[in-house]
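Coordinates in review
Chain by chain, the residues run as shown.
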Amino acid sequence: SIVRDEKLLQQKFVLCGHSMGGRVAMCYAATYPDDICALIVEDMDIRRRPTATNFIANFDEDKAISFSRKQTSWESLRRDLDLIGYPVNIYERWMDDGRIHETENGVYSEVNPAFRALCYRHVFDTDC
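This report concerns the structure included in the present document.

Calculation criteria
- Residues numbered from 1 in each chain as written.
- Predicted model: local features only at pLDDT ≥ 70, side-chain atom pairs only at ≥ 80, totals over all residues.
- Heavy atoms only, no water.
- Pairing = 2+ DSSP bridges.
- Helix = DSSP H or I, 4+ residues; strand = E, 2+ residues; numbered from the N terminus.
- Right-handed = clockwise from strand over helix to strand, strands pointing away.
- Core = buried A, V, L, I, M, F, W, Y, C linked by side-chain atoms within 4.5 Å.
- Buried < 20%, exposed > 50% of the residue type's maximum accessible area, 1.4 Å probe, protein only.
- Contact = heavy atoms within 4.5 Å.
- Phe/Tyr/Trp six-rings, centres within 6.5 Å; stacked < 30°, edge-to-face > 60°.

Let us now look at the pairing of strand E1 (residues 13-18). Inspection of the sheet shows E1 paired to strand E2 (residues 36-42) by six bridges, in the parallel sense. In the strand pairing of E2, phenylalanine 13 is matched with isoleucine 36. A crossover links E1 with its parallel partner E2, the connecting element being helix H2 (residues 20-31), and its sense is right-handed.

This part is about the nonpolar core. Ranked by size, the top nonpolar core spans 16 residues in total, and within it Phe59, Leu77, Leu81, Ile84, Tyr86, Trp94 and Ile100 carry the most contacts. Mapped onto this core, the elements with two or more residues apiece are helix H4 (74-84) and helix H5 (88-97). If we skip the residues at most four places from it in the chain, leucine 81 touches Phe67, Tyr86, Tyr91, Ile100 and Pro113. Core analysis: the second largest hydrophobic core is formed by five residues, Leu15, Ala25, Tyr28 and Ala29 among them.

This structure, assessed with the given rule, holds four aromatic pairs. Seen from their ring centres, phenylalanine 13 and tyrosine 28 are 6.1 Å apart, and the 50° between their planes marks the pair as tilted. Residue phenylalanine 13 is located in strand E1, and its partner tyrosine 28 is located in helix H2; the two are separated by 15 residues in the primary sequence. Note on phenylalanine 13: relative accessible area 24%, which makes it partly exposed. Note on tyrosine 28: relative accessible area 15%, which makes it buried. Note on phenylalanine 59 and tyrosine 86: the rings are 5.9 Å apart at their centroids and 90° apart in plane angle, and the pair reads as edge-to-face. Here phenylalanine 59, found in the loop between E2 and helix H3 (61-66), pairs with tyrosine 86, found in the loop between H4 and H5; they are 27 residues apart in sequence, far enough to count as distant. Residues phenylalanine 59 and tyrosine 86 agree in their burial class; the two are buried. Linked through ring pairs, Phe13, Tyr28 and Tyr32 together constitute an aromatic cluster.

Okay, here's the thing in structure tokens:
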């Protein structure tokens, strides 16, 4: 809807998605087939995933959606990820992989918990 609301759509386009993004791309293509000239999906399963099947047992969707990817310190980032419900071993792996890294002003997370929460709510547990 952002593409349509902001009048960014000038012509048909190729839509690509990988993994979770593949589900989002397929949902968009199913909803707006006239916008797409081609759809490329890589490494994605097609099973429906109800929110209750989220592998993070105590995932707090509200905290995930309000999560700030820019943090002042490693400690604040760890605290927020703990409050969302992420197990320590998962976010430590993201740190080791460089998906969470230091910046001049603190720490930045390439991982976006809000995206996960919104995908479960609007893509994984739907028939789109």
